[in-house]
Every structure is written in structure tokens, then in C-alpha cells.
Amino acid sequence: MESFLIKGGLPLRGEVTISGSKNAALPIMAATLLTDEPCVIRGVPDLSDTQFMALILKSLGAEAKFENGTLSVRAKKIHGHADYELVRKMRGSICVAGPLLARLHKAEISLPGGCVIGARPINLHLKGFESLGAKIEIAGGYVRATAKKLTGCTAFLGGRAGSTVLGTANVMMAATLADGQTVIESAACEPEVVDLANFLNAMGANISGAGSPTITITGVAKLHGAEHQIIPDRIETATFAIAAAATNGEVTIKNCRPDHLRAVLDKQRAGSMTIRRGKKLAAVDVTTLPYSGFPTDAQAQMMSLLTLVPGISIITERIFESRFMHVSELARLGAEIEIEGPSAIVKGGRPLNGAPVMASDLRASAALVIAGLAAKGQTQVNRIYHLDRGYEKMDVKLRKLGAKIQRVEEK
Ligand code: EPU
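Small disclaimer: the values here were computed from a predicted structure and weren't measured.

A.B. asks: What exactly am I supposed to notice about the side chain of Thr35 here?
C.D. replies: Tracing the backbone shows Thr35 in the loop between helix H1 (22-31) and strand E3 (38-42). Among the polar contacts made by the side chain of Thr35, one reaches the main-chain amide nitrogen of Glu37 at a distance of 3.0 Å. At a separation of 3.0 Å, a polar atom in the side chain of Thr35 contacts the main-chain carbonyl oxygen of Leu223. Once residues within four sequence positions are removed from consideration, Thr35 is found in contact with Ala75, Arg103, Met203, Leu223, His224 and Gly225.

A.B. asks: Please explain the site of the ligand as it appears in this structure.
C.D. replies: Neighbouring residues of the ligand: 24 residues in total, closest Asn123, Leu124, Thr164, Asp297 and Ile319. In this structure, an oxygen atom belonging to the ligand sits 2.7 Å away from a main-chain N or O atom of Leu124. Between the ligand and Arg160, the relevant distance is 3.3 Å, taken from an oxygen atom to a side-chain nitrogen or oxygen of the residue. The fraction of the free accessible surface of the ligand (820 Å²) that becomes covered by protein chains is 93%. At the level of secondary structure, the elements contributing two or more residues to the shell around the ligand comprise H1, helix H5 (123-131), helix H6 (165-175) and helix H12 (362-374). Grouping the constituent residues of the shell around the ligand by class yields eleven nonpolar, six polar and seven charged. Looking at which domains feed residues into the shell around the ligand, each of domain 1 (2-19 + 233-409) and domain 2 (22-223) supplies at least three.

A.B. asks: I tried to follow the sheet that holds strand E22 (residues 378-382) on my own but got confused; where do I start?
C.D. replies: Strand order across the open sheet formed by four strands is E21-E22-E1-E23, with mixed pairing between neighbours. The sheet is open, and its two borders are formed by strand E21 (356-358) and strand E23 (404-409), each paired with just one other strand. Going across the sheet, the axis of each strand differs from the next one's by a mean of 25°, ignoring polarity. Where strand E1 (residues 2-7) and E22 come together, four bridges link them in antiparallel fashion. Bridging across to E22, Ile6 finds its partner in Thr379. With respect to the sheet, H12 is in contact with E1, E21, E22 and E23, its orientation differing from that of E1 by roughly 30°.

A.B. asks: What is the right way to look at empty space enclosed by the protein in this model?
C.D. replies: Gaps left between atoms show up when a probe the size of a water molecule is rolled over them. Under the criterion given, the structure shown has three cavities of 30 Å³ or more. One number sums up the size of the largest cavity: a volume of about 70 Å³. Listed by contribution, the elements that provide at least two residues to the lining of the largest cavity are strand E7 (106-110), H5 and strand E9 (142-146). Its residues assigned to classes, the lining of the largest cavity shows nine nonpolar, one polar and one charged.

A.B. asks: Explain the sheet that holds strand E8 (residues 135-139) to me, please; I cannot follow it from the model alone.
C.D. replies: The strands that make up a sheet pair up through hydrogen bonds in the backbone, lying either parallel or antiparallel. The sheet built from four strands is open, its strands ordered E6-E7-E9-E8 with mixed pairing. Whereas interior strands pair on both sides, the edge strands pair on one side only; in this sheet they are strand E6 (81-82) and E8. Relative to E9, E8 runs antiparallel, the two being bridged by five bridges. Bridge pairing in E9 places Glu137 opposite Arg144. The sheet contacts of helix H4 (residues 97-104) involve E7 and E9, and relative to E7 the element is tilted by about 155°.

A.B. asks: Got a minute to help me understand the pairing of strand E4 (residues 63-67) in this structure?
C.D. replies: Judged by which residues are buried, E4 turns out to be one-sided: Ala64 and Phe66 face inward and are buried, whereas Glu63, Lys65 and Glu67, on the alternate face, are not. Bridge count for E4 against strand E5 (residues 70-74) is five bridges, and the pairing is antiparallel. Bridged to Phe66 within E5 is Leu71.

A.B. asks: Explain the nonpolar core here, please?
C.D. replies: One broad trend across soluble globular proteins is that nonpolar side chains are buried collectively. Of all hydrophobic cores here, the largest spans 76 residues; its most connected members are Leu33, Met53, Val96, Met172 and Leu200. Not counting residues up to four positions away in its chain, the partners in contact with Met172 are Ile184, Val193, Leu196, Ala197, Leu200, Ile207, Ile215 and Ile217. Core analysis: the next-biggest nonpolar cluster, separate from the first, contains 60 residues, Ile235, Leu352, Ala366 and Leu401 among them.

A.B. asks: Help me understand the domain arrangement of the protein chain in this model?
C.D. replies: How big an interface is tends to be expressed through the accessible area that disappears when the partners come together. Examined at the domain level, the protein chain breaks down into domain 1 (2-19 + 233-409) and domain 2 (22-223). Opposite the 24 residues of domain 1 that make contact, domain 2 presents 21 residues. Around 1,800 Å² of area is buried between domain 1 and domain 2 when both sides are counted, 50% of it from carbon and sulfur atoms. Summed over the shared surface of domain 1 and domain 2, the number is three salt bridges. A salt bridge links Arg389 to Asp49; the shortest N-O distance between them is 2.8 Å. Elements represented by at least two residues in the side of domain 1 that touches domain 2 include exactly H12 and helix H13 (385-388). Class assignment for the residues of the side of domain 1 that touches domain 2 results in eight nonpolar, five polar and eleven charged.

A.B. asks: How should the side chain of Glu190 be read in this particular structure?
C.D. replies: Summarising the element assignment, Glu190 is placed in the loop between strand E11 (181-185) and helix H7 (191-202). Here Glu190 is buried and forms no salt bridge, its nearest opposite-charge partner Arg234 lying at an N-O distance of 4.7 Å. Here the side chain of Glu190 touches Tyr291 through a polar contact of 3.1 Å, landing on its backbone nitrogen. Excluding its chain neighbours within four sequence positions, the residues that come into contact with Glu190 are Val165, Arg234, Pro290 and Tyr291.

A.B. asks: I would appreciate a short explanation of the pattern of salt bridges in the present structure.
C.D. replies: Two side chains of opposite charge can pair, provided their charged atoms sit close to one another. If you walk through the whole model with that rule in mind, you get 22 salt bridges. Residue Arg332 is joined to Glu329 by a salt bridge in which the shortest nitrogen-to-oxygen separation is 3.7 Å. One end of the pair is Arg332 and the other is Glu329, both in helix H11 (residues 326-332) and three residues apart, which spans about a single turn. Residue classification places Glu329 among the buried positions, given a relative accessible area of 13%. Among the charged side chains, a salt-bridge network with shared partners connects Glu2, Asp388, Asp395 and Arg407.

The rules behind these values
- Residues numbered from 1 in each chain as written.
- Predicted model: local features only at pLDDT ≥ 70, side-chain atom pairs only at ≥ 80, totals over all residues.
- Heavy atoms only, no water.
- Helix = DSSP H or I, 4+ residues; strand = E, 2+ residues; numbered from the N terminus.
- Polar contact = N/O pair within 3.5 Å; in protein donor to acceptor, adjacent residues only side chain to side chain.
- Contact = heavy atoms within 4.5 Å.
- Near = heavy atom within 4 Å.
- Areas by Shrake-Rupley, 256 points an atom, 1.4 Å probe, with all protein chains shown as cover.
- Nonpolar A, V, L, I, M, F, W, Y, C, P; charged D, E, K, R; others polar.
- Domains from an automatic or database assignment.
- Pairing = 2+ DSSP bridges.
- Axes fitted to C-alpha atoms, helices over the stretch in contact; angles between N-to-C directions.
- 1 Å grid on protein atoms, 1.4 Å probe; cavity = no way out; pocket = protein on both sides within 12 Å on 5 of 7 lines; lining within 4 Å.
- Points joined across faces, edges and corners; volume = space filled by probe spheres on them.
- Buried < 20%, exposed > 50% of the residue type's maximum accessible area, 1.4 Å probe, protein only.
- Core = buried A, V, L, I, M, F, W, Y, C linked by side-chain atoms within 4.5 Å.
- Buried area = accessible area lost by both parts, 1.4 Å probe.
- Salt bridge = Lys/Arg side-chain N within 4 Å of Asp/Glu carboxyl O.
- Lys, Arg positive; Asp, Glu negative; His and termini not counted.

Shown next as C-alpha cells:
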């Protein structure tokens, strides 16, 4: 296993270019299963998660070639069984269910199970499929969705933490080939859902309202091949912006959509932006919410920054129940944080000192890298395979900004 060795205390300076969005790419890659014609997706970030999704497409019978950020897929003949070993490794693989159900009227997928950030059920995905007329059976750890035909319906996808991003993607994809009109109510409004709808429309689907809580899909008989460019990754953007602030640096972020990050940046310019610290940082309270609220995927990184800011900041996590695994690791660097139910109380302003720490999930890893960049001395972040799932060449990008960060074999 690999680790990052970071010599902290240096300000990040220069320019960084943001990669395509992982969470837009994964469902869009799955959507290529909806047609037997060739599709070309550009701007796909080279990550272990996208490589893995390409493998899943191949395992289902598609031809897929992934080179220099461009993925070409032709799903001429496919089958509907996604194996336990595949789904177990990446929860996002659940989004092949909608396309398989739409095209084959049959999807058999291992139940994804929980992960370190929370229980992560798929009840809302299944409820949406049932509303479209699918029969759902769960046996032997697999969920089997079958339908003689899918029929347009009203599917309400609101859950206890708001809507569901991949659930909305799944139901939207399943409805593209259904008979008649489907209305998704309480749909997720995330930009990744809009990107998927744009790709599906380019394939000949008839979708309106994506980006709002009500999405209308009028079923069509067939979808065709299409080309698409993935949107920039808003979470990678937030991560570099926070890292710039945490190291008291000055970073120009290129290929980004600040309008996708209003809750993080409070800014709306498009294209590129420069992040520079103001004279004094102030403690703030942050609550994660569905889009356009503060993203749960930037919560851990924000916590690292707030440990450096004098005063008390309260971070409340409203999307995933146990997404505070980074707290005990930040404590190893000297941060003072207490967990009270869904909130973390950060007593900020104490200097951070380097230490060995362990990454537990993708965003927690990014938080530890930020803290390591800001800390005095050397930080070793272990198990960075989590980070490689969702950040393209993060160490290379950080080195270009002047960081002292090396990838080494874990001892
Ligand atoms: N939920 C249910 N039932 C469901 C589905 C979800 O109760 O059927 C709950 C979840 O337990 C959670 C909440 O609804 O409390 C939101 O979960 P959601 O379904 O929106 O999450 P997801 O679609 O599985 C995507 C991203 C996550 C990101 C979340 C929230 C992908 C591949 N994953 O997951 O990304 O945190 O939306 O924005 O798009 C990451 O990139 O680090 C990551 C975890």
C-alpha cells in the first residue's frame, strides 16, 4: 500500500487545472449501456473508480476503451448480472441498475451494503423502479429487478436526508425507455444529475427539469450513441480552494465552475478563479445539505481548514451519519475537535504538527492531506488508495503548486 509523505508549512502557489467530475462520470459511463450504438465521453478523470466502472461495463458485455481521458463504449450485446465482487468494491456501481432495467427489463445486482461513511441503503432506488412497474426480489444478497414493461409514473424520491443523487440518476435512466411520462418528485438537484440528463438528451432522451426537484422524462422507443464532455469536478475544486486557504497560499484554479460551489465559495464566476486568504480568517458554522447547500463531500476538508482558525466552529453533518472518521486522525496532528451527535465542535487556532495518520475514505484522505500541508513538520498519510479513487494525480498537482509531497510505499 502507498502513503503520502508531506513536509508541511509551505504556502501553495500557482495554477491548478481541475479534472472532470468523478460523480458525473460514473452514472454517465453507466448510461452508455442504454444504447447498442457507440458513445464517446471526454474529460473522464483517470481514477481507480472510473477504471473500475469501465471494468464493470466490460463485465456486462460492453466494449470499452479508456485513453487520455476519453472513454469510448459500445454496448452492443449486454447481460444483466452485476457480480458481488464488482459491486462490493465500488458502491457507485449500483447505477448500472437503471440502464440494465431499461434496456433488458432485467437487472441482477449484488446489494451494495454499507461503508465507513454510513449505512447507505438503496430503498429509494428500488422504490423508483417499483413505481415504474418493476418487480423487486431480494435473495442471496442480490437484488433482482424485472419488468415485462416499464410504464411512466410519478416517483417520489425524498428520504430522511433529502433526495438521493444516484437514486435520481438510476430512476431517470430507467424511465428514458419507459412507456409514457415519468415525473420524479423530490429529485436530487446536484450538477452531476444535470450533466447526466444532458448526456441522456444527447442520446435522444426527452428529459426536462433536471437541476430542479421535479424532473419530467417522456419515454422514447430507442436511444442512440452520443458524445459528451464531463463537467469539472466541484469537489476537487473545493478541495484545492480550501488547501490554498489552509496554507495561506494563492492558487488560480482553472477549468472550474464556481457557480456549482456557491455554498463553499459564495462566488459565481465561471472558468477560473484565484483563492487567496483574507487578512483574518473567522470561525464559521457549516451544515452539510443536499445541493445547493454545503456539500457533504467537502465537509472533512473544511474541518481541516477550521482547525486552523481561532474560535469555535460547529460542523453539522446532515447527509451521512458517520462521516467523522477524520476527526480522530486530525486529533493526531493536534486538532481539538469534539463530536456531539451529528455535529463536530472545532476549537480552532492551535498549531498543527505533523504525525502519521490513516485515511479512512476518499474525502477524509483529502482532509488529512490538507492538514498535513498546513502542519509543521512531516505528516505521513497512509492508505491513500482511498484518495486515488477520486482525485486525479493529486500529488502531482500539489507538487506543481510548490508542496513537498511524495508518494512512497507504506512501511
Ligand atoms: N439514502 C437513502 N435511501 C436510498 C439512497 C440514499 O436513505 O435509497 C440516503 C443515504 O443514506 C444518505 C442520503 O440518502 O443519507 C444521500 O445519499 P445519496 O443517495 O444522495 O448518495 P449517493 O448517491 O449514494 C452520491 C455521491 C457521494 C456523495 C452523495 C451525496 C456518487 C458516486 N456518490 O452518493 O459521493 O457523498 O451523493 O452528495 O455520485 C464521494 O464522492 O466521496 C461520495 C461519497
